[in-house]
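Structural overview for review
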Amino acid sequence: MKPRTLYEKIWDAHVVAQEPDTPAILYIDLHLVHEVTSPQAFQGLRERELSVRRPDKTMATIDHSVPTFPAERLARPITLQDIRDAQAAQQVAQLEANAAAFGVPLLGLDSPSRGIVHVIGPELGLTQPGMTIVCGDSHTSTHGAFGALAFGIGTSEVEHVLAIQSLLQTRSKTMNVRFDGRLRPGVTAKDMILALIAEIGIGGGTGHVIEYSGEAIRALSMEGRMTICNMTIEAGARAGMVAPDDTTFEYLHGRPYAPKGKAWDEAVSRWQKLPTDDGAKFDAEVVIDAGKLEPMITYGTNPSMGIPITAPVPDPAELADPTQRSSVEKALRYMDLQPGKPLLSHPVDVVFIGSCTNSRIEDLRAAAQIVHGRKVAAGVRMLVVPGSEQVRRQAEAEGLDRVFKDAGAEWRTAGCSMCIAMNGDRLEPGQYAVSTNNRNFEGRQGKGGRTMLASPLTAAASAVTGVVTDPRTLI
Amino acid sequence: MEPFKTLRSKVVTLLINDIDTDQIIPARYLKATDKIGMGDHLFADWRYRPDGSPNPGFVLNRPEMQGREILLAGDNFGCGSSREHAPWALVGYGFRAVISTSFADIFRNNALKNGLLPVVVSADAHQELVADLKHDPAGEVAINLAAQTITFPGGRTERFPIDSFSKHCLLEGVDQLGYLQSWLPRIKAYEAEHPAPVQTTARSR
């Protein structure tokens, strides 16, 4: 048999049928649902008098429009009455009603497992190697860290999967991104992915599924791999993937939905056959020397506008391509930043640790390591928002909440929070944030807000100094 | 879905690269549970001033732009989130086609399911169309989906790519779910041969 890539193996195993000149019918193993991109899909089912065909392959949760609260003020689970934004409350109530009416399991407001959809899938062991996973959310690419094929879909497609558990899909091109060498201290998975997006551009992965390989990827924890796969969509690629290995299996073993006993051993031997075969061909290859990377930070209004933290902000006048020049000019106007000057020492108003990119236990530990024994600088608001209630409990068991609260940071309940600013957590116009989320688009974190994307280490370092800070100076 | 066969319209020009879905429709408008009124929120942060009044400097607010059904954008239109609210907003406003040199994958898929035609042209053709419209801002562009052609005000005709299945769905005004449903027996057979890796209903909380 012809050598195949990880992507091709999963693709081949899930094609139900394909007619000439028509997309393939791809079977979906797991459909994750949240309150924002599902109401119109359930409505579509009602209009067509259809049911949810496989509720046993569907899992719903509430994350985007739910407010977060200071954790110490809320000793009980959130209720619908706690959501003061009437429209958000209605959206949440709608998902509760839809889940009940269609028999879809829901990790609702009162569930101890509630959290950001891309945090809880892996945490519960729902995300497993070799699966096809979709969700009405572009950051579904996160789940590819387990060697699954996982991608975001629109609401029409959410309706398709609810109705028939399959999707019409065309095969993507493949790109291998190899990170050679080892990261230096203070440099993280977030810096790797920001460096890649800066190199290939915000549309550099369009039409492709990226597989990450190389020594630096193998050395990463599952949390780090999830951060990288999560932001793969920011380079335009449909999905990111990492071949499963012992790190993957160790993470999954014993999780609630992971196979048990004999089924576990059988699953592992199946999963071990997934990695890309020797000699398999990719449509594109990119190699990055991880040993040369520095902490990265963005200066502009899309995730490809990133620079090593010690580097100056690019001068548009020095860019040869006129469209690129005008993009950078527009971004610098919005960000109100001077070309040619480094971002280091630029004042910061808000630091946000959270989002499906960087809200897992390892991210919180990294931030706490910097904050420990220090204070959040005067005038800076620091929010720490765990990705799930489970992450919150674990962090509290480890005493991380105390570290953050003692420093003067806000320790909040789980949710998408300030990554999407549709739940009450948002920047004010003109504010600068160093943020661990995934998008620095204009207004993403609040109308007029200015986002600099960085790692949890860099964000925490900037919180305690009050200015953009190289975390290597504080470790 | 209304069939899409041909379209002839003047053009709204918004020559910004990498227009992301947060610009097309900011997240605070995603709390709706229906599709009604999305067109009012199209490009909201560019289109309206902080007090909610129209920003006279933004192209959509110019009187001569009203009723135009084609949007000409910069490269890589629709990057970012998977929100189908983006094509709902564009269609709700009245656009039926967007022209760019490239589209983000999820946006393109979402657009095609809502009768919004993403027209990909080469960088060279894009430049020529921009020049044509500079010369004649009221010039009309003609799109013929069956022939997969776009004709510029200056007369240049280009062929644009679209997969034959999406083209068929647009021309007939049918959605894809019906086609998927016709494969139900095969989907069931697939399920019989492939045990589910996880069962979400196996554990309640």
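Residues numbered from 1 in each chain as written. Chains lettered and ligands numbered in written order. Predicted model: local features only at pLDDT ≥ 70, side-chain atom pairs only at ≥ 80, totals over all residues. Heavy atoms only, no water.

As a further point, take the layout of surface pockets. In this model, the largest pocket occupies a volume close to 740 Å³. Met-1, Lys-35, Trp-88, Lys-113 and Asn-114 of chain B are the residues nearest the centre of the largest pocket, which is lined by 37 residues in total. Those elements giving two or more residues to the lining of the largest pocket turn out to be helix H2 (39-47) and helix H5 (155-164) of chain A together with helix H3 (85-93) and helix H6 (164-172) of chain B. Among the elements that make up the lining of the largest pocket, the one with the highest residue count is H2 of chain A (5 residues). (1 Å grid on protein atoms, 1.4 Å probe; cavity = no way out; pocket = protein on both sides within 12 Å on 5 of 7 lines; lining within 4 Å. Points joined across faces, edges and corners; volume = space filled by probe spheres on them. Helix = DSSP H or I, 4+ residues; strand = E, 2+ residues; numbered from the N terminus.)

Turning our attention to the sheet that holds strand E7 (residues 149-152) of chain A. Residue and element names in this part refer to chain A. Taking strand neighbours across the sheet as the criterion, the 5 strands line up as E5-E4-E3-E6-E7 in an open arrangement whose pairing is parallel. Bordering the open sheet on either side are strand E5 (106-107) and E7, each of which pairs with just one other strand. Judged from the 4 bridges that link them, strand E6 (residues 132-135) and E7 form a sheet pairing that is parallel. Bridge pairing in E7 places Val-134 opposite Phe-151. (Pairing = 2+ DSSP bridges.)

A probe matching the size of a water molecule, rolled over the atoms, marks out where space remains unfilled. Summed over the entire model, instances satisfying the criterion amount to 4 cavities of 30 Å³ or more. Within this model, the largest cavity holds a volume of roughly 200 Å³. Along the wall of the largest cavity there are 23 residues; nearest its centre are His-64, Asp-137, His-139, Ile-420 and Arg-444 of chain A. Looking at the lining of the largest cavity residue by residue, the classes come out as 8 nonpolar, 11 polar and 4 charged. Each pocket or cavity is described by its volume, and for the second largest cavity that value is around 150 Å³. Lining the second largest cavity are 15 residues, with Thr-301 and Lys-330 of chain A together with Ile-16, Asn-17 and Asp-18 of chain B sitting closest to its centre. Residues of the lining of the second largest cavity, tallied by class, amount to 6 nonpolar, 5 polar and 4 charged. (Nonpolar A, V, L, I, M, F, W, Y, C, P; charged D, E, K, R; others polar.)

Turning next to the packing of helix H12 (residues 361-371) of chain A against helix H13 (residues 389-397) of chain A. Residue and element names in this part refer to chain A. One can describe the packing of H12 onto H13 by two numbers: an axis separation of 10 Å at closest approach and a directional angle of 40 degrees. Judged by the inter-axis angle, H12 sits oblique to H13. Here H12 and H13 pass one another in a crossing that is right-handed. Where H12 abuts H13, its residues Ile-361, Leu-364 and Arg-365 lie against Val-391, Gln-394 and Ala-395. A per-class count over the contact of H12 with H13 returns 4 nonpolar, 1 polar and 1 charged. (Axes fitted to C-alpha atoms, helices over the stretch in contact; angles between N-to-C directions. Parallel < 35°, antiparallel > 145°, perpendicular 65-115°, else oblique. Left-handed = near helix turned anticlockwise from the far one by under 90°. Contact = heavy atoms within 4.5 Å.)

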